[in-house]
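Listed here are the chains, written in short residue letters.
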Amino acid sequence: MAFSRIALLCQRFSRQQQQRQLHRPFTTKLDNTRFLYPNQSKLAQNLIAIFTRQPFSPEDPELLKLAPELNTKVVETVLNGFKRWGLAYLFFNWASKQEGYRNDMYAYNAMASILSRVRQNASLTALVGDVLNSRCLMSPGALGFFIRCLGNAGLVEEASSVFDRVREMGLCVPNAYTYNCLLEAISKSNSSSVELVEARLKEMRDCGFHFDKFTLTPVLQVYCNNGKSERALSVFNEILSRDWLDEHISTILVVSFCKWGQVDKAFELIEMLEERHIRLNYKTYCVLIHGFVKESRIDKAFQLFEKMRRMGMNADIALYDVLIGGLCKHKDLEMALSLYLEIKRSGIPPDRGILGKLICSFSEESELSRITKVIIGDIDTKCVMLLYKSLLEGFSRNDLVHEAYSFIRSLMGNHESDGVSEIVKLLKDQNKAILPDSDSLSIVIDCLVKANKVDMAMTLLHDIVQNGLIPSLMMYNNIIEGMCKEGRSEESLKLLGEMKDAGVEPSQFTLNCIYGCLAERCDFAGALDLLKKMRFYGFEPWIKHTTFLVKKLCENGKAVDACKYIDDVAGEGFLRHMVAYTAAIDGLIKNEGVDRGLELFRDTCANGHCPDVIAYHVLIKALCKAYRTTEADNLFNEMVSKGLKPSVATYNSMIDGWCKEGEIDRGLSCIVRMYEDEKNPDVITYTSLIHGLCASGRPSEAISRWNEMKGKDCYPNRITFMALIQGLCNCGWSSEALVYFREMEEKEMEPDSAVYLSLVSSFLSSENISAGFGIFREMVHKGRFPVSVDRNYLLAVDATSDVNYAYKFLSKLSNPPDYGWNFVIRGFSNSKNPEKSIRVYIQILRSGFSPDHMTYPFLLKSSSRLSNRKLDAYAKCGDVVSARLVFDEMTTRDVVSWSSMIDGYVKSGEYNEALEIFDQMMRMGSSKANEVTMVSVLCACAHLGALNQGKTVHRYILDVHLPLTVILQTSLIDMYAKCGSIGDAWGVFCGASVKETDALMWNAMIGGLASHGFIRESLQLFHKMKESKIDPDEITFLCLLAACSHGGLVKEAWHFFTSLKESGAEPKSEHYACMVDVLSRAGLVKDAHDFISEMPIKPTGSILGALQNGCINHGNLELAETVGKKLIELQPHNDGRYVGLANVYAINKQFGAARSMREAMEKKGVKKIAGHSIIDLNGTSHRFIAHDKSHFHSDKIYAVLQLIGTWMNLDVDEDDHCFCS
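As the structure is a prediction and not an experimental result, all values here were calculated from the model.

Now for the overall build of the protein chain. Helix and strand content of the protein chain: 67 helices and two strands. Intrachain contacts of the protein chain at a sequence separation of at least 6 include 63% that bridge at least 24 residues. Carbon and sulfur atoms provide 52% of the accessible area of the protein chain, an area that totals close to 61,800 Å².

In structure tokens form, the structure reads like this:
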């Protein structure tokens, strides 16, 4: 039945398509093709009048009389006749309920169109249900329009559902138009899925429908909404190939490119549209310009702006605002001011937003002076205040405290310190200079206080009052806080009185600052007086200050006064805080004993105060230390009964107390209670238990607890190791103790002498004499000496301090001990004369000495040290060949041997060889690299640009836990910076604590940033260096001047050069060379030449070279020639000097003179050194020179280069251009 119905519909719709002249175009407005008879037209007007009339009643007799005459044409006409959607919806619902009337799809669409326009989604969703329930037949066009209405309201799911339900119910057979409407509805939602669109496209293909422009446009929109750039470009190319491209389609893709941050592609598309004479509208241009500015592509934004103007589109103030905002963000003051003047010339009044951006984006006084000159005629009072604020914030950021102070005082008519600011003069000339507001004054006062210039802040405050201004509470608070930090409580109290006279009421912060200062000074009486003021103003004292005062009194032995102070605080009407009582209880315990603290605790409880966990913990800890654990246990149970949960620290005190009193089982029961209380034992808990178990003669249980602790990822510390080792020794478990002793050494934890003595005593007790003396020797060797009790101890001391005396002492003994000679040999091996240990060894062999396993290591060490000396001497003299011969002949090499060889290669510039030696050292694994080794290896990596090897070295440093000293961190920063990984360099720098840095580390980071083009960042880092109290040195200023040279910052370079002189240091030739380079790069070659003439030193090659380069770059060839000749006189064997002058002649077309330079080089025997490049690939460095064919893959390399060249020369047909990436 359903199939026959669908067939009937298909037949009907096919017939309608054939008779197009009879087909009614679909619309929601009154349609002339749907003719209304005069009586129907009058009926429609009457219905509109009745529903518009107030009050309206559905039972109106006139309305009931008209109801039988309703038909769909009248209903559609009435709906379109209402001006308010509510009346239309009321009428539609009324009409739908009338007997004998049934809506057709045109009536439903008329209502849907009205609801869609006003976004009444709830009513629109209800209408969907009515349509489906009515089972109304509809044409594909009517269904399409209904779906579009739903899409316009964002009801994508409802649109898709209606489409499917209508098709399933046989109410309509959708055609291509219907599908297009559905796709358009889906594209209206930004959250529409790509899968949904592609599923509908597949349905269209399966039905045999062809895609047209209106099919692909919404598909393009969905792909763009979902960021599917490749698919979007594919659809766009399809539209382009079929010549369907229009303004709307172009706008979709070009705006999407902008949103995706692909500004260049967007601009290419715009230019392509221009070639096709497709013109975007004004709104699209504005959206694009805004997007370009957001992506920081000001250049493209202005190119688009110029296109607009050429097309006759006049920009409005909003567009100017966006452009000027972008220029201000990029600190392009010249262009921003130029655009501002253009606004004025065009007759558009600039708004405060633009003025605000200009003022707030710049903070240098010179910049703001220029801005003020341009905008002076347009600014109002608010803009003047913005100007003040921006300038003062700039002063504050750059720590220009005196400048901020002078500026604000000049505004108030005080010119004692410095001249009047240019900005102030400009404002006064235009009668726009006004007194600063509270915000500006607060900035200056805050700046002064932070710079510890409280007195200047006070002077400014008095100026404010004298000028008839009322200082704000924040100003008073800042100054009072500054005074209190300096301990000036009397002055802060005086200022508090001035506040009252000025009519400014203090805040809680004001009074508590002073209260904290009085507490710091332990001013008992002053604090009480201030509490009275607090009570007057209704403020509460901060408990931290009260507690601090109580603690200070207790520390000074005035615990009784501390208790009295707490009572006095309560006497002033403030609540007693348990925190302050806890501090007093702790003070009483320390000064007068546990009982006095316990007494105060009981009194506090009796007065209705509820002690907290901390108060109980203080008492329990004190009782356990006093071996009164039973009392502590009673207090512990009282605490639990009150619903308080003990902390892990409290449990630890209880366990320690029971263990010290020998009640180990009660201590173990505390562990059970901890678990029940969901508290996890920490390393202190286990240390107390292990000590207690060993003291109770239960070593096996102690080891079990040890293993339990490690199993719970609670790792033992030095104290835990020593407790276990000494405990096991006391139990006679010396062998087991030695195992944990060795584990402790592996973890690089240093045991104290008591542990050594425990082991020695335990081994001797078990008659293991050799092991006992072995531990003793270790103790002597590591300097863990016990108290001096016998001759052997004195001998050991002499062997490690005065070796010659120890040797003489042993020589006088008739039968000296063997280990005594070992001590002497060891001592000489560590001395400045290691060869003496070998002489002593030969001598004592003749006397019958029997060497043992402790003798030979020190002899080998002496031999190694002698070889190391020879190796180091050759390396330092630059003779790496001889150094390598010594190195290769060494039978044993220690870290000194490896480090010396590596350092020798590095200082000789043979960096690859240095890395090869390091790789060999790592492969052999006999020596662990130290800081000296790593610094040399990192230097080699830096010179080679071997980033991967540098990172490997960094990982090695972290893996072997080498201490990251300042020198090592500096080397890492330098390596990363020179290898091009400035982010990794910054990571190392940020990982260092400021307190552990020095000038060298800051220099490396500043220089690295500058060399990578981060000029402003390097200068900002220098200011941070000064804030961190790190004094800059000569290298710092050299890095800063180099940064200025890279960034073309002439003014800043002069500032740094002057600062170097003012610091007391004499500029060196390198500083002068940098300064000449700055001037020359900026085109100020005459200034650079004059600067060289006035230098107190003779110009070096680098100084003149910088000048010559500047002359060549800026076309001053006459001076370049003069400087070039001087350079050849100064450095006659430097090939670069001849080449430089030859280039000058060549540029000047003096080719004969250029050739003469080549001839001069040949006569003097000067050879041009070939330039080379190094490429680091998979950890291996490859070196190339021009036309080099020595590389083992040179044939393949040149083949690839030829292929690339061929590709680059290919001609591309314009018609084959593809926008797919």
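Next, the rest of the story.
Once that is clear, we can look at helix 6 (residues 105-117). Spanning 13 residues, helix 6 covers 18 Å between terminal C-alpha atoms, matching the ideal 18 Å at 1.5 Å per step. Burial within helix 6 is extensive, with eleven of its 13 residues counted as buried. Buried residues of helix 6: Met-105, Ala-107, Tyr-108, Asn-109, Ala-110, Met-111, Ala-112, Ser-113, Ile-114, Leu-115 and Ser-116, and no others. Close packing links the buried residues of helix 6 with helix 4 (72-81), helix 5 (85-96), helix 7 (121-134) and helix 8 (140-152). At the C-terminal side of helix 6, Arg-119 shows a positive phi close to 55°.

The omega torsion of the bond from Gln-54 to Pro-55 falls at -5°, within 30 degrees of zero and hence cis. Along the chain, Pro-55 falls in the loop between helix 2 (38-52) and helix 3 (61-66). For Lys-331, which is not a glycine, the phi torsion comes out positive at approximately 60°. Take Lys-331: it is sitting in the loop between helix 18 (317-329) and helix 19 (333-345). Unusually for a residue other than glycine, Glu-678 sits at a positive phi of about 60°. Mapped onto the secondary structure, Glu-678 falls in the loop between helix 38 (664-676) and helix 39 (683-695). The class of Glu-678 is exposed, set by a relative accessible area of 70%.

For the rest of this paragraph, the subject is helix 4. Judged by how many residues are buried, helix 4 sits mostly within the fold: seven of ten residues are covered. Restricting attention to buried positions, one finds in helix 4 the residues Thr-72, Val-74, Val-75, Glu-76, Thr-77, Val-78 and Leu-79. Close packing links the buried residues of helix 4 with helix 2, helix 5 and helix 6. Two to three positions downstream of the cap, the backbone nitrogen of Lys-73 sits 3.1 Å from a side-chain oxygen, assigning the N-cap of helix 4 to Asn-71.

Relative to each other, helix 8 and helix 9 (residues 156-169) sit at 160°, their axes nearing to 8 Å. When the interaxial angle is binned, helix 8 and helix 9 end up roughly antiparallel. Where helix 8 crosses over helix 9, the handedness of that crossing is right-handed. Where helix 8 approaches helix 9, its residues Leu-143, Phe-146, Ile-147 and Leu-150 are matched on the opposing element by Glu-158, Ala-159, Val-162, Phe-163 and Val-166. Tallied by class, the residues present in the contact of helix 8 with helix 9 amount to eight nonpolar, no polar and one charged.

Further remarks concern the packing of aromatic side chains. Tallied over the entire structure, the rule returns 32 aromatic pairs. When the centroid spacing of 5.6 Å and the interplanar angle of 70° are considered together, the rings of Phe-1057 and Phe-1091 count as edge-to-face. Of this pair, Phe-1057 sits in helix 60 (residues 1050-1062) while Phe-1091 sits in helix 62 (residues 1085-1093), placing them 34 residues apart in sequence. Using a relative accessible area of 9% as the deciding quantity, one classes Phe-1091 as buried.

Moving on, we come to the nonpolar core. In this structure, Leu-47, Phe-91, Leu-358, Ile-479 and Tyr-565 are the most contacted members of the largest nonpolar core, which totals 262 residues. Contacts of Phe-91, omitting those with residues within four sequence positions, involve Leu-47, Phe-51, Leu-70, Val-75, Val-78, Leu-79 and Phe-82. Among the nonpolar cores identified, the runner-up in size contains 105 residues, and Ala-946, Phe-1091, Val-1144 and Tyr-1145 belong to it.

To continue, consider the pattern of salt bridges. A complete count under the given rule lists 49 salt bridges for this structure. With a closest N to O distance of 3.7 Å, Glu-62 and Arg-53 form a salt bridge. Residue classification places Arg-53 among the partly exposed positions, given a relative accessible area of 38%. A salt bridge links Arg-521 to Glu-490; the nearest nitrogen and oxygen atoms lie 3.0 Å apart. You can see Arg-521 sitting in the loop between helix 29 (508-520) and helix 30 (524-537) and its partner Glu-490 sitting in helix 28 (residues 489-502), a full 31 residues away along the chain. Look at Arg-521 and you get partly exposed, because its relative accessible area is 42%. Three or more residues joined by partner-sharing salt bridges are found here, namely Asp-164, Arg-167, Arg-200 and Glu-203.

Time to look at a nonpolar patch on the surface. A cluster of nonpolar residues, Ile-1197, Tyr-1198, Val-1200, Leu-1201 and Ile-1204, forms a patch on the protein surface that exposes about 410 Å² of accessible area. You can call Ile-1204 partly exposed: its relative accessible area is 38%.

This part is about the environment of His-943. By the secondary structure assignment, His-943 is in helix 53 (residues 931-944). Separated by 33 residues in the primary sequence, His-943 and Glu-910 have C-alpha atoms spaced 9.9 Å apart.

Right, let's get into the environment of Ser-440. For Ser-440, the position within the fold is in helix 25 (residues 438-450). In sequence terms Ser-440 and Ser-390 are 50 residues apart; their C-alpha atoms lie 8.8 Å from each other. Apart from the residues within four sequence positions on either side, Ser-440 is in contact with Met-385, Tyr-388, Lys-389 and Leu-392.

On to the state of the cysteines, then. One pass over the structure, following the stated rule, counts zero disulfides. Unpaired in terms of disulfides, Cys-729 finds its nearest cysteine sulfur in Cys-731, a separation of 9.3 Å. For Cys-729, a relative accessible area of 7% puts it in the buried group. The thiol of Cys-1044 is not disulfide-bonded; the next cysteine sulfur, from Cys-1074, is found 9.4 Å away.

Within the element layout of this structure, Ser-761 appears in helix 43 (residues 753-765). A relative accessible area of 42% means that Ser-761 is categorised as partly exposed. Separated by 27 residues in the primary sequence, Ser-761 and Ser-734 place their C-alpha atoms 9.1 Å from one another.

In the contact formed by helix 25 and helix 27 (residues 473-485), the axes pass within 9 Å of each other and the chain directions differ by 5°. Considered as vectors, helix 25 and helix 27 are oriented roughly parallel to each other. Listed contacts from helix 27 to Ser-438, Leu-441, Ser-442, Ile-445, Asp-446 and Val-449 of helix 25 are Met-474, Met-475, Asn-478, Ile-479 and Gly-482.

Before going further, it helps to spend a moment on the confidence of the model for the protein chain. Mean pLDDT over the protein chain stands at 81; residues scoring 70 or higher make up 86%. A low-confidence stretch, residues 786-801 (pLDDT under 50), is modelled with 27 contacts involving residues beyond four sequence positions or located in other chains. Across residues 1211-1221 the pLDDT falls below 50, and counting only partners more than four positions away or on other chains, this stretch makes 14 contacts in the model.

Scoring rules and cut-offs
Residues numbered from 1 in each chain as written. Predicted model: local features only at pLDDT ≥ 70, side-chain atom pairs only at ≥ 80, totals over all residues. Heavy atoms only, no water. Helix = DSSP H or I, 4+ residues; strand = E, 2+ residues; numbered from the N terminus. Contact = heavy atoms within 4.5 Å. Areas by Shrake-Rupley, 256 points an atom, 1.4 Å probe, with all protein chains shown as cover. Expected span 1.5 Å × (residues − 1). Buried < 20%, exposed > 50% of the residue type's maximum accessible area, 1.4 Å probe, protein only. Polar contact = N/O pair within 3.5 Å; in protein donor to acceptor, adjacent residues only side chain to side chain. Axes fitted to C-alpha atoms, helices over the stretch in contact; angles between N-to-C directions. Parallel < 35°, antiparallel > 145°, perpendicular 65-115°, else oblique. Left-handed = near helix turned anticlockwise from the far one by under 90°. Nonpolar A, V, L, I, M, F, W, Y, C, P; charged D, E, K, R; others polar. Phe/Tyr/Trp six-rings, centres within 6.5 Å; stacked < 30°, edge-to-face > 60°. Core = buried A, V, L, I, M, F, W, Y, C linked by side-chain atoms within 4.5 Å. Salt bridge = Lys/Arg side-chain N within 4 Å of Asp/Glu carboxyl O. Patch = residues over 30% accessible without salt bridge, like charges linked within 9 Å, V, L, I, M, F, W, Y side chains within 5 Å. Disulfide = S-S within 2.5 Å. pLDDT = per-residue confidence, 0-100.

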